[in-house]
Every structure is written in structure tokens, then in C-alpha cells.
Amino acid sequence: MRILFFSVVLLVFTSCGSARVNYDYDDQTDFTSYATYNYFGDMETGLSELDEKRLMDALDATLGEKGFMFAEEPDMFINIKSTVFKAQAANNVGVGLGGGNRGIGGGVSIGIPVGGPKMTRELQIDFVDSNKDMLIWQAISESPFREGDTPQEKSEKIQAVVDKVFSKYPPQ
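Residues numbered from 1 in each chain as written. Predicted model: local features only at pLDDT ≥ 70, side-chain atom pairs only at ≥ 80, totals over all residues. Heavy atoms only, no water.

Undergrad: Let's hear about the overall build of the chain: which residues, and what values?
TA: Along its length, the chain carries three helices and eight strands. Its helices and strands taken in sequence order, the chain reads α-β-β-α-β-β-β-β-β-β-α from the N to the C terminus. Across the chain, every contact between residues at least 6 apart in sequence was considered, and the portion connecting residues at least 24 apart equals 74%. (Helix = DSSP H or I, 4+ residues; strand = E, 2+ residues; numbered from the N terminus. Contact = heavy atoms within 4.5 Å.)

Here it is as C-alpha cells:
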């Protein structure tokens, strides 16, 4: 019974993976000189209309907390791209067979994938200097994605991704 309990707990913790974020930026940029932002008008996010609104609300709130203001003629523009893809489960079960006789040995090992493919959402957020028309900062996150999440769960997951993305902005 104890083994079953710990197995379930382990399964819960490993299945609820958090977002991974990779950052890149122009190291010659003075990020303190940016105070206003807007979104590219022709942006095609790859998100549903509802998820796009959730994401932009989360971005607006987070950027507001960091002291940015939305403006018609901003210091920087934001571009957003998103894709959802299936990633093969990283869990494998190994099966091995070995033998030996009088100093001669051999073996066979096979990795069998466990579980089906996992849905992953990649979200790319670009900051572009509006005067120089130059990319100055980029974050690319990958996080687990489930189509059947409730609107509340979607909002919470999007906010968690935005919080993680902006945890390292401005770059030090």
C-alpha cells in the first residue's frame, strides 16, 4: 500500500512539468531606456482568440508591474508566436538479456517507450526596438499543454508561463 501511495505521488509530480525558458538578448542594449510598449499590428500568434486575449492580459499586467506603459508610439514592439507540437514521452523501460559461458559473454538491451506523446506549447516573445527596428530580447518557453483544460486552468497556466518568462527581465 505504501509503495502504491509513493508511486502515485511520484507520478503527480513528474506529470505536472513546469515551463522551460531560454533567453537571448543584445548585450549592447541599455534596457533601462525602454519605458513604453505596444504589440505588432500584423502579429499572428498561432493562439486561439481566447488564449491570445489571456496571454495579452497576462503580459499587460506583468509589464505594468515592471513599470512599462502601453503607448501608441512605443519604445519597443512585442511580437508573439506560438506552436503546439507532440513530444515523445521521455520515459522508457529497459529490458535486458545477457549470458556468458567460460569467459564469453553477450547481451541485448531494448528501450521501450512508456506512455504516448505529450502535447507541448512553445511560446516565443520578441522585443523589438521601434527606432532601430532591431530585435533586442527574446524568450522561448516550452510548457505542457492540454486541449481540455478549463478556462481557469488555461489562465493560470498562461500566467505561470509569463511569470517565468519575465523572471529574468531585464537581463543582468
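Anyway, onward from the coordinates.
Undergrad: Tell me about the packing of aromatic side chains, and please be specific about residues and values.
TA: A full pass over the atoms with the stated rule returns 15 aromatic pairs. Between Phe-31 and Tyr-34, the ring centres sit 6.4 Å apart and the planes meet at 50 degrees, which makes this aromatic pair tilted. Each member of the pair, Phe-31 as well as Tyr-34, carries the same accessibility label: buried. A network of ring pairs unites the aromatic residues Tyr-23, Tyr-25, Phe-31, Tyr-34, Phe-68, Phe-127, Trp-137, Phe-166 and Tyr-169 as a single cluster. (Phe/Tyr/Trp six-rings, centres within 6.5 Å; stacked < 30°, edge-to-face > 60°. Buried < 20%, exposed > 50% of the residue type's maximum accessible area, 1.4 Å probe, protein only.)

Undergrad: If you had to explain the side chain of Ser-82 to someone new, which residues and values would you point to?
TA: Its place among the elements puts Ser-82 in strand E4 (residues 76-87). Within the structure, the side chain of Ser-82 is placed 3.4 Å from the backbone oxygen of Glu-122, a separation counted as a polar contact. Ser-82 has contacts with Thr-45, Gly-46, Leu-47, Arg-121, Glu-122 and Leu-123, leaving out every residue within four places of it along the chain. (Polar contact = N/O pair within 3.5 Å; in protein donor to acceptor, adjacent residues only side chain to side chain.)

Undergrad: Give a detailed account of the environment of Val-165, specifying residues and quantitative values.
TA: Take Val-165: it is sitting in helix H3 (residues 151-165). For Val-165 and Gln-124, which are 41 residues apart along the polypeptide, the C-alpha to C-alpha distance reads 9.7 Å. Once residues within four sequence positions are removed from consideration, Val-165 is found in contact with Val-21, Tyr-23, Ile-125, Trp-137, Ala-139 and Ser-141.

Undergrad: Got a sec to walk through the pattern of salt bridges? Specific residues and values, please.
TA: Taken as a whole and judged by the stated rule, the model has six salt bridges. A salt bridge links Asp-149 to Arg-146; the nearest nitrogen and oxygen atoms lie 3.0 Å apart. As a salt-bridge pair, Lys-157 and Asp-149 come within 2.7 Å of each other at their nearest N and O atoms. With a relative accessible area of 9%, Asp-149 lands in the buried category. Through salt bridges with shared partners, one network takes in Asp-51, Arg-54 and Arg-121. (Salt bridge = Lys/Arg side-chain N within 4 Å of Asp/Glu carboxyl O.)

Undergrad: Go over unusual backbone geometry with me, naming the residues and quoting the values.
TA: Put simply, Tyr-169 and Pro-170 share a cis peptide bond, and its omega is 0 degrees. With respect to the secondary-structure elements, Pro-170 resides in the segment after H3. In this structure, Asp-133 takes a positive phi of about 50 degrees despite not being glycine. Its location among the elements puts Asp-133 in the loop between strand E7 (118-129) and strand E8 (134-144). For Asp-133, a relative accessible area of 62% puts it in the exposed group.

Undergrad: Tell me about the side chain of Asp-126, and please be specific about residues and values.
TA: Here Asp-126 is to be found in strand E7. As a buried residue without a salt bridge, Asp-126 has its nearest oppositely charged side chain in Lys-81, at a separation of 4.6 Å. A polar atom in the side chain of Asp-126 sits 2.8 Å from the side chain of Gln-138. Beyond its immediate stretch of four places on either side in the chain, Asp-126 contacts Phe-77, Ile-78, Asn-79, Leu-135, Trp-137 and Gln-138. (Lys, Arg positive; Asp, Glu negative; His and termini not counted.)

Undergrad: Pulling in residues and values, what's your account of the packing of helix H2 (residues 49-65) against H3?
TA: Here H2 crosses H3 at 40 degrees, and the two axes come no closer than 9 Å. Taken as axis vectors, H2 and H3 run oblique relative to one another. As H2 packs across H3, the resulting crossing turns out to be right-handed. Residues Asp-51, Arg-54, Leu-55, Ala-58, Leu-59 and Thr-62 of H2 pack against Pro-151, Lys-154, Ser-155, Ile-158, Gln-159, Val-162 and Asp-163 of H3. (Axes fitted to C-alpha atoms, helices over the stretch in contact; angles between N-to-C directions. Parallel < 35°, antiparallel > 145°, perpendicular 65-115°, else oblique. Left-handed = near helix turned anticlockwise from the far one by under 90°.)

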